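Spelled out, the chains give:
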Amino acid sequence: MRFVPVHGLMEGMAVGKSLYDINHKLLLSQGSVITRTYIDRIVQLGYQGIYIDDNLSADIEVKDVIRDELRMKAIQSLKEAFIYTDLETKGGQKQVKDKIDITKMMITNIVEDILENKDTMINLIDLKFFDDYTFFHSVNVAVLSILVGVELGLMREQLFNLGLAAILHDIGKIYIDKDILNKPSKLTSEEYAIIKKHSEFGYNYLKETYEIPSAAYVAVLQHHEQYDGQGYPSGKIKEEISLLGRIICLCDVYDALTSNRPYRKQLLPSEAMEYIMANGGVMFDVKLTKIFARKVAPFPVGTYVRLSNGFVGIVSENFEEACMRPRVKIVLDRQGKRIMPRIVDLKNDRYLRNVTITGINDIIS
Ligand SMILES: [Fe+2]
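Reading guide: rules and limits
Residues numbered from 1 in each chain as written. Predicted model: local features only at pLDDT ≥ 70, side-chain atom pairs only at ≥ 80, totals over all residues. Helix = DSSP H or I, 4+ residues; strand = E, 2+ residues; numbered from the N terminus. Rg over C-alpha atoms; globule rule 2.2 N^0.38 Å. Buried ≥ 20, exposed ≤ 12 C-beta atoms within 10 Å, placed from the backbone. Contact = placed C-beta atoms within 7 Å. Pairing = 2+ DSSP bridges. Axes fitted to C-alpha atoms, helices over the stretch in contact; angles between N-to-C directions. Domains from an automatic or database assignment. Nonpolar A, V, L, I, M, F, W, Y, C, P; charged D, E, K, R; others polar. Parallel < 35°, antiparallel > 145°, perpendicular 65-115°, else oblique. Left-handed = near helix turned anticlockwise from the far one by under 90°. Arc of directions from axis to C-beta. Core = buried A, V, L, I, M, F, W, Y, C linked by C-beta atoms within 7 Å.

**Structural notes on the overall build of the protein chain**
Line of reasoning, step 1. The number of helices and strands found in the protein chain is 12 helices and 10 strands.
Line of reasoning, step 2. What you see for the protein chain is a C-alpha radius of gyration of 21 Å, in line with the 21 Å of a compact globule of 365 residues.
Line of reasoning, step 3. Expressed along its principal axes, the backbone C-alpha trace of the protein chain runs to roughly 65 × 45 × 40 Å.
Line of reasoning, step 4. In the protein chain, which comprises 365 residues, the share counted as buried stands at 39%.
Line of reasoning, step 5. A separation of at least 24 residues holds for 63% of the contacts in the protein chain among residues at least 6 apart in sequence.

**Overview of the environment of E274**
Line of reasoning, step 1. Examined against the element boundaries, E274 turns out to sit in helix α11 (residues 269–278).
Line of reasoning, step 2. Along the backbone, E274 and R41 are 233 residues apart, and their C-alpha atoms lie at a distance of 33 Å.

**A word on the sheet that holds strand β7 (residues 312–317)**
Line of reasoning, step 1. As summarised here, the arrangement of the five strands in space is β9-β8-β7-β6-β10, forming an open sheet in which the pairing is antiparallel. The open sheet has two free edges, formed respectively by β9 (338–345) and β10 (357–360), since each of these has just one partner strand. Across the sheet, the mean angle from the axis of one strand to that of its neighbour is 35°, orientation sign disregarded.

**Remarks on the domain arrangement of the protein chain**
The figure often quoted for interface size is the accessible area lost as the parts come together.
Line of reasoning, step 1. Domain assignment breaks the protein chain into domain 1 (2–53), domain 2 (68–295) and domain 3 (304–360).
Line of reasoning, step 2. Partitioned by chemical class, the residues of the side of domain 1 that touches domain 2 number five nonpolar, five polar and no charged.

**Describing the packing of helix α9 (residues 214–221) against helix α10 (residues 243–257)**
A pair of packed helices is captured by two measures, namely the crossing angle of their axes and the spacing between those axes.
Line of reasoning, step 1. Put simply, α9 and α10 touch, their axes get as near as 8 Å, and they point 45° apart. In this view, α9 runs oblique relative to α10, as classed from their interaxial angle. Every pair of crossing elements has a handedness; the one defined by α9 and α10 is right-handed. Across the interface between the two elements, A215, V218 and A219 of α9 pack against L244, G245 and I248 of α10.
Line of reasoning, step 2. Here the contact of α9 with α10 is built from residues that sort into five nonpolar, one polar and no charged.

**Looking at the pairing of strand β8 (residues 327–332)**
Every regular strand shows the same layout, with side chains that alternate between the two sheet faces.
Line of reasoning, step 1. Relative to β8, β7 is paired through five bridges, and the arrangement is antiparallel. Note on β8: the bridge partner recorded for V312 is L332.
Line of reasoning, step 2. Pairing between β8 and β9: five bridges, direction antiparallel. The residue of β9 that forms the bridge with K329 is I343.
Line of reasoning, step 3. Counting the residues in the hairpin turn of β8 and β9 gives five residues, including G336, whose phi is positive at 80°.

**Some remarks on helix α12 (residues 286–295)**
Line of reasoning, step 1. Of all the positions in α12, only L288, T289 and F292 are classed as buried. Angular distribution of buried residues about the axis of α12 spans 100°; they occupy a single face of the element. Exposed positions of α12 whose direction lies more than 90 degrees from the buried face are V286 and K290.
Line of reasoning, step 2. Where α12 is buried, its residues contact α4 (133–151), α10 and α11.

**Focus: the nonpolar core**
Line of reasoning, step 1. Grouped together as the largest cluster of nonpolar side chains are 92 residues, with contacts concentrated most on I110, I146, A165 and L250.
Line of reasoning, step 2. Broken down by element, the residue count for this core peaks at 11 residues, all from α4.

The following block contains the structure:
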């Protein structure tokens, strides 16, 4: 399987990983062949690209840490929880408790999936589409946070609290004017001050309304506090911020950076990882940044990379202990010509120690 950005998609390619539409229903199942109509639909939904299967990449396996359908169900249940919460705050229907209960169940399932796959790294290029950014993002933050929590050796109950806080971290945004939230241009200082209230709004709402463990709603309050005291709402510093709050802060920033936003183009995983590492001990707890770098691949499996010796290949495997040194299936020579593919192992081959990855390559079809 390999990742093909939308501009490289061609009719006749076979889908490697199922795709979902705006209602989180199956749009294209694994193995189906794409047509021009589907390519247009994929572009319209705002997908950055899709995974495809072909002979070149048949031996490359891309594994997720949770099941596809669980991810989609979690996104859908969260969306409903937000919609009903919004209605409730406006005096509407009272169905939120059920929706929050479903979200709690989703978190329990996500924790179990991640515990089962705890040796797996995050190797996926994330496929979000524009409209449901908040829900895709929140589920991702939950998955990333639980993964970090598992590495830290947290118990199931703490993992549940962590996941619940992570998936609901931005629920306070329902109280913020949508025009400010979705503003494509720079915010004024007044608008930014309004947005910054969302963590307190979320904390108050969860604390007063639901049976949610205090560790979870405190983490919602603290998810924008920074390790050096420069965050909000309280400017707390280092361990004054709860462990769960520190984890969510890091995962929230990473996932936001790797997403397309109205005001900013997404960063590559490798670029976002550099930002995270550079902020270890500044914005983030350095111990957590190190764990994060072990579990999230800067060059995910299935992506094309350029090497410093001029060759181009597809990442075929990542190693937790050496995230910058994956195994790569070389497919193009220095002149950009197709060659008989061969695997190079940047981690273990001592003759390749001076070869580095210089970047992600534009698509080769
Ligand atoms: Fe937030």
